[in-house]
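Coordinate analysis (summary)
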Amino acid sequence: MSTLDTMASEQLDTHLAQLEERLGRDYTNVTRSRLHALVDRERARFAGARIHAFVPILVERAVRSALATV
């Protein structure tokens, strides 16, 4: 039986996978493994968040910011 938390987590996984794909297209000079590590690092910051709706946007902003300084 799916719970709201399970469904939110699955949607978050999907959104973050799509985010990694977009980042991969935008930053062709960065390896996929590096992008994945950056996304995972930023996602971990929100592990205890009760609301996941804004996590993908916050993760994207942080990753793009990190990549802009490299």
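Residues numbered from 1 in each chain as written. Predicted model: local features only at pLDDT ≥ 70, side-chain atom pairs only at ≥ 80, totals over all residues. Heavy atoms only, no water.

1. Examining the overall build of the chain
The cut-off we apply is this: We count a stretch as a helix when DSSP gives it H or I for four or more residues in a row; a strand needs E for two or more, and each element gets its number in order from the N terminus. Think of it in three bands: residues with accessible area under 20% of the maximum for their type are buried, residues over 50% are exposed, and the middle band is partly exposed, with areas taken using a 1.4 Å probe on protein chains only.
Along its length, the chain carries three helices and zero strands. Start at the N end of the chain and walk to the C end: the helices and strands fall as α-α-α. Burial statistics for the chain: of 70 residues in total, 30% are counted as buried.

2. Points about helix α3 (residues 55-68)
Since the α-helix advances by 3.6 residues per turn, residues separated by three or four positions end up pointing in the same direction. As a reminder of what qualifies: Multiplying 1.5 Å by the residue count of a helix minus one yields the expected span of that helix.
The terminal C-alpha atoms of α3, which comprises 14 residues, lie 20 Å apart, in line with the 20 Å expected from a rise of 1.5 Å per residue. For α3, the complete set of buried residues consists of Val55, Pro56, Val59, Glu60, Ala62, Val63, Ala66 and Leu67.

3. Notes on the environment of alanine 62
The condition is simple: Contacts are assigned to residue pairs that have any heavy atoms within 4.5 Å of one another.
Tracing the backbone shows alanine 62 in helix α3. Non-local contacts of alanine 62, meaning those with residues more than four positions away in its chain, are made with Glu42 and Arg45.

4. Considering the confidence of the model for the chain
Rules: Per-residue confidence from the predictor is given as pLDDT, running between 0 and 100.
In the predicted model, the chain carries a mean pLDDT of 89, and 89% of its residues have values of at least 70. Element-level mean pLDDT values for the chain span from 85 in helix α1 (residues 4-26) up to 97 in helix α2 (residues 32-44).

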